[in-house]
Amino acid sequence: MREDTVKPGRLPAAILAVLVHLLFIGFLIFSVNWRSHPPPPVMADLWEALPPPPAKPVVKPQPAPKPKPEPVVEPQPPQPQPDIALKEKKRKERLEREQQQAQLEQQKRAEAQQRKQQLQQQQKQEAEQRKQAEQEKQQQEKQLAAKRKQDELKRKQEALLKLNAQQARDLMNKELASETSRLQQAQQASQLGAEQAKMEATYKERIRSKIASMLNLPENMVGNPKAVFAVTVLPSGEVGSVKLISSSGQPAYDTAVERAILKAVPLPLPPDKAVAARFRDLTLPIQPKQEN
Amino acid sequence: MLALVGNASLAVQFVMGLLLVASFMSWWYIFIKMFAIRRATRMAEAFEKEFWSGTDLQTLFKRATQDWKQAGELERIFEAGFREFGKLKGQPGMDMSAVMGGARRAMRATYQREMDRLESNLAFLATVGSVSPYVGLFGTVWGIMNAFRGLSNVVQATLANVAPGIAEALIATAMGLFAAIPAVVAYNRYTHDIDRLANRFESFMEEFSNILQRQAHKA
């Protein structure tokens, strides 16, 4: 039969299909971009917006963080002084110990000499008695033998003394080495500690300012009440629990602060994990107007 | 969005490509079928109108044979039936029922052929509609597998480590659904439309054989 038929609109159909896909992809790209672009500005707003809202408090906090680091910086120069003092003390101690040990050695030597003399005297006396009792030859032989024994004893004693002295010196050296290493570690720790303390202070200030920015003060607030809260902070910056340690005396203000703390989640935490670990349990004194 | 596609793993990209092709093909067929069915109904309506308005069967037949290529499905069925009827009727000693049977068979054959032509490629739409969600899902599962495998190297697992991978992977599912939904809708719509057309053709065939029978008796 006749198979030749009209094939309707293959090309228009293809064009339309392409059009549909372009439309869909265009819509996707547009919508995805439309969604993914706004978040970053929002993030930036969150960070930058924090200082401006509490415009009045911020003027005070800004100077506040500066003085805080300074006391932290100041301890650094003084810290070496105690270190030096410690060093001097330790040196003195070392010297004293050395002197003591030297004296001990001298005493030991003196005692050894005395013993030797006593021994010699005894032996001499014995020898004289024997001389008297026995013949001169025998006496001479005995004297010789005695002398040899004395020499041996002397040698042994001297060796023992030397050994003791060496051991003492070794011990001294070891103690010295350990002390110096301890000192160095302490210095490093103090430097690290200073940096960490600085970071801790700045982040505490950030947390406090964030909470302050979230703070919705009650209308009937009087004066500048201070509420102290114990906050357990999770590593993600979320707040685990909030406990009122000391009330400001105004329950409305206490609850407002508690709400502000919960609203300020996630709290800004330092990137250094060692420092962040110190923020596990925070005690936060919150005042509407900071007086630092 | 383009970055998401570009960063996806090779398997996921392959799945996406497959789905894009499937989607394009299904849309192409959707439009082709749309034009074809629309044209078929339009032509059928026009021919039925003309047929029942009392036009002479001979002139209708003549026109149908002349522009056979442009003729609609119903016109072709009519043409095939009338041609067979004329041929058989011209032969001497032909039984009445044999003439009618021949004409009916000729119409049925044309009807079958035309229906087959109309229904062609609908199976593809059905396949795309039922399979492409699974293909997309496969791409997504694969992408998420990769995302979590990458997570095993990280000490502290955060959402930021997994989210891009999952977003990449989910695009595959989105594409699968994008291909499947129109295909399923179009398939259901077109099978319904073609069923209606088939009913129309069949009822026309019955009516036309009645007319032919009357004419045969008349002669």
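Source: prediction; values computed, not measured.

A. Region of the structure containing the overall build of chain A. On a plain count of helices and strands, chain A comes out with eight helices and three strands. The proportion of buried residues among the 292 residues of chain A is 24%. Looking at chain A alone, contacts between residues at least 24 apart form 76% of all its contacts between residues at least 6 apart. Surface summary for chain A: the accessible area is close to 20500 Å², and the carbon and sulfur share equals 56%.

B. Representation of the overall build of chain B. Along its length, chain B carries seven helices and zero strands. Across chain B, helices and strands are ordered from the amino to the carboxyl terminus as α-α-α-α-α-α-α. Each of the 219 residues in chain B was classed as buried or not, and the buried ones make up 43%. A sequence separation of at least 24 residues applies to 80% of the contacts in chain B between residues at least 6 apart. Accessible surface, chain B: about 11500 Å² in total, of which carbon and sulfur atoms supply 61%.

C. Expanded view of helix α4 (residues 73-90) of chain B. All names here are of chain B. Spanning 18 residues, α4 covers 26 Å between terminal C-alpha atoms, matching the ideal 26 Å at 1.5 Å per step. Taken together, the buried positions of α4 are occupied by Glu-73, Leu-74, Glu-75, Arg-76, Ile-77, Phe-78, Glu-79, Ala-80, Gly-81, Phe-82, Phe-85 and Leu-88. Looking at the packing, one finds that the buried side of α4 touches α2 (10-52), α3 (57-66), α5 (96-119) and α7 (159-218).

D. Broad picture of the packing of α2 of chain B against α3 of chain B. All names here are of chain B. Contact geometry for α2 and α3: axes closest at 10 Å, N-to-C directions at 150 degrees. In this view, α2 runs roughly antiparallel relative to α3, as classed from their interaxial angle. In this structure, the crossing between α2 and α3 has a hand that is right-handed. Where α2 approaches α3, its residues Phe-47, Glu-50 and Phe-51 are matched on the opposing element by Leu-57, Leu-60 and Arg-63. Residue composition of the contact of α2 with α3, grouped by class: four nonpolar, no polar and two charged.

E. Structural context of a nonpolar patch on the surface. On the surface, Tyr-134, Leu-137, Phe-138, Val-141, Trp-142 and Met-145 of chain B cluster together into a nonpolar patch covering about 620 Å² of accessible area. We classify Tyr-134 of chain B as exposed; its relative accessible area is 60%.

F. Region of interest: the side chain of Arg-76 of chain B. Here Arg-76 of chain B shows up in helix α4. Here Glu-114 of chain B takes part through its side chain, which lies 3.0 Å from a polar atom of the side chain of Arg-76 of chain B.

G. Representation of the environment of Ile-211 of chain A within the structure. Residue and element names in this part refer to chain A. Assignment of secondary structure puts Ile-211 in helix α6 (residues 136-214). On a C-alpha basis, the gap between Ile-211 and Glu-258 in space is 9.3 Å, while along the polypeptide they are 47 residues apart. Here Ile-211 is in contact with Ala-260, Ile-261, Ala-264, Leu-267, Leu-284 and Ile-286, once residues within four sequence places are set aside.

H. Just the side chain of Thr-110 of chain B, in detail. Looking at the element boundaries, Thr-110 of chain B is found in helix α5. When neighbours within four sequence positions are excluded, Thr-110 of chain B is seen to be in contact with Arg-76, Ile-77 and Ala-80 of chain B.

I. Spatial organisation of α2 of chain B. Look at α2 of chain B: 62 Å from first C-alpha to last across 43 residues, which is about the 63 Å you get at 1.5 Å a residue. Within two residues after α2 of chain B, Gly-54 of chain B carries a phi angle of roughly 95 degrees, on the positive side.

J. Spotlight on the pairing of strand β2 (residues 239-246) of chain A. Residues and elements named next belong to chain A. Pairing between strand β1 (residues 227-233) and β2: six bridges, direction antiparallel. Pairing of Thr-232 across the sheet is with Ser-241, part of β2. Connecting β1 to the antiparallel partner β2 that follows it, the hairpin turn spans five residues, and Gly-237 within it adopts a positive phi of roughly 95 degrees.

K. Layout of the nonpolar core. Within the largest apolar cluster, 51 residues are counted, with the highest numbers of intra-cluster contacts made by Phe-51, Phe-78, Leu-118, Leu-125, Phe-201 and Phe-208 of chain B. Those elements that provide at least two residues to this core are α1 (10-36) of chain A together with α2, α3, α4, α5, α6 (122-151) and α7 of chain B. With 15 residues, the single largest contributor to this core is α7 of chain B. Beyond its immediate chain neighbours, meaning those up to four positions away, Phe-78 of chain B contacts Phe-47, Phe-51, Leu-57, Leu-60, Phe-61, Phe-204 and Phe-208 of chain B. Core analysis: the next-biggest nonpolar cluster, separate from the first, contains 23 residues, Leu-215, Val-233, Ala-256 and Ala-260 of chain A among them.

L. Structural detail: the confidence of the model for chain A. When pLDDT is averaged across chain A, the result is 77; 78% of the residues are at 70 or more. Note that pLDDT drops below 50 for residues 68-75 of chain A; the model gives that stretch nine contacts with residues more than four away or on any other chain.

M. Up close: the sheet that holds strand β3 (residues 281-286) of chain A. All names here are of chain A. Read from one edge of the open sheet, three strands run β2-β1-β3, paired in antiparallel fashion. Edge positions in the sheet fall to β2 and β3, since each of these pairs with one other strand and no more. Recorded for the sheet is a direction-independent mean angle of 25 degrees between the axes of neighbouring strands. Relative to β3, β1 runs antiparallel, the two being bridged by six bridges. Along β3, the bridge assignment pairs Ala-227 with Ile-286. Sheet strands touched by helix α7 (residues 251-263): β1, β2 and β3. Its angle to β1, the strand with the most contacts, is close to 25 degrees.

Calculation notes
- Residues numbered from 1 in each chain as written.
- Chains lettered and ligands numbered in written order.
- Predicted model: local features only at pLDDT ≥ 70, side-chain atom pairs only at ≥ 80, totals over all residues.
- Heavy atoms only, no water.
- Helix = DSSP H or I, 4+ residues; strand = E, 2+ residues; numbered from the N terminus.
- Buried < 20%, exposed > 50% of the residue type's maximum accessible area, 1.4 Å probe, protein only.
- Contact = heavy atoms within 4.5 Å.
- Areas by Shrake-Rupley, 256 points an atom, 1.4 Å probe, with all protein chains shown as cover.
- Expected span 1.5 Å × (residues − 1).
- Axes fitted to C-alpha atoms, helices over the stretch in contact; angles between N-to-C directions.
- Parallel < 35°, antiparallel > 145°, perpendicular 65-115°, else oblique.
- Left-handed = near helix turned anticlockwise from the far one by under 90°.
- Nonpolar A, V, L, I, M, F, W, Y, C, P; charged D, E, K, R; others polar.
- Patch = residues over 30% accessible without salt bridge, like charges linked within 9 Å, V, L, I, M, F, W, Y side chains within 5 Å.
- Salt bridge = Lys/Arg side-chain N within 4 Å of Asp/Glu carboxyl O.
- Polar contact = N/O pair within 3.5 Å; in protein donor to acceptor, adjacent residues only side chain to side chain.
- Pairing = 2+ DSSP bridges.
- Core = buried A, V, L, I, M, F, W, Y, C linked by side-chain atoms within 4.5 Å.
- pLDDT = per-residue confidence, 0-100.

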